[in-house]
Amino acid sequence: MFSDFLKRLTAPQPAPLTDDDARLALTALLVRIARSDNDYSETEIAWIDKITAARYGLSPFEATTLRKEAETLESEAPDTVRFTRAIKDAVPYDDRTKVLEAMWQVVLADGSREAEEDALLRLVANLLGISDRDSAIARQRVSDR
């Protein structure tokens, strides 16, 4: 279903993503983070919907539709390294840092920080070109809320 999208995203010189494609790719990263501990909970799903609705100005129905598409994309996407590097090349830095903060919201949504989620988030932050310091600041902002 998303094979053309993934081919464009993982091309040697990917073109910048359209807003809709970037939204889908970044939401797929949220899904990947939430699934990383093998416990894709209703709480995490609700947070993904809440984050995407607020971030992109979507209705609850539109946010749910985006998440469901992102779930499919995430399951078809290549390994995390190639998928995240492709997003880095196609999405502006500011959007990547904002989505990292959203990832921390998803990781912390269920009240616990699992080792698998923590490790994947460190990897993804690095692959997105976001420093450990900026990642820690994003986590702290989420924790303070």
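A few points on the structure.

Cut-offs used in this document
Residues numbered from 1 in each chain as written. Predicted model: local features only at pLDDT ≥ 70, side-chain atom pairs only at ≥ 80, totals over all residues. Heavy atoms only, no water. Helix = DSSP H or I, 4+ residues; strand = E, 2+ residues; numbered from the N terminus. Buried < 20%, exposed > 50% of the residue type's maximum accessible area, 1.4 Å probe, protein only. Contact = heavy atoms within 4.5 Å. Areas by Shrake-Rupley, 256 points an atom, 1.4 Å probe, with all protein chains shown as cover. Lys, Arg positive; Asp, Glu negative; His and termini not counted. Charge placed at Lys NZ, Arg CZ, Asp CG, Glu CD. Phe/Tyr/Trp six-rings, centres within 6.5 Å; stacked < 30°, edge-to-face > 60°. Lys NZ or Arg CZ within 6 Å of the ring centre and 35° of its normal. Axes fitted to C-alpha atoms, helices over the stretch in contact; angles between N-to-C directions. Parallel < 35°, antiparallel > 145°, perpendicular 65-115°, else oblique. Left-handed = near helix turned anticlockwise from the far one by under 90°. Nonpolar A, V, L, I, M, F, W, Y, C, P; charged D, E, K, R; others polar.

### Some thoughts on the overall build of the protein
- On a plain count of helices and strands, the protein comes out with eight helices and zero strands.
- N-terminal to C-terminal, the α/β element order of the protein is α-α-α-α-α-α-α-α.
- Dimensions of the protein, computed from the C-alpha atoms along their principal axes, are close to 40 × 35 × 30 Å.
- Residue burial in the protein is summarised as follows: out of 145 residues, 48% are buried.
- Within the protein, contacts between residues separated by at least 24 positions form 76% of all contacts whose residues are at least 6 apart in sequence.
- Counting only carbon and sulfur atoms, one obtains 49% of the accessible surface of the protein, whose full area is about 7,500 Å².
- Averaged over its 20 positive side-chain charges, the protein has a centre that lies 4 Å from the centre of its 27 negative ones.

### Digging into the packing of aromatic side chains
- Going through the model one piece at a time under the given rule, you end up with zero aromatic pairs.
- Taking NZ or CZ as reference, R35 lies 5.0 Å from the ring centre of Y40, over its face.
- The cationic tip of R139 hangs over the ring face of W104; the distance from NZ or CZ to the ring centre is 5.7 Å.

### Remarks on unusual backbone geometry
- Even without being a glycine, N38 presents a positive backbone phi close to 60 degrees.
- With respect to the helices and strands, N38 occurs in the loop between α2 (19-35) and α3 (42-56).

### Quick look at the packing of α2 against helix α6 (residues 93-109)
- At a minimum axis separation of 9 Å, α2 and α6 run at an interaxial angle of 30 degrees. As summarised for this structure, α2 and α6 are arranged roughly parallel, according to the angle between their axes. For α2 against α6, the interelement crossing comes out right-handed. Contact residues: L26, L29, L30, I33 and A34 in α2; V99, A102, M103, V106 and V107 in α6.
- Partitioned by chemical class, the residues of the contact of α2 with α6 number 10 nonpolar, no polar and no charged.

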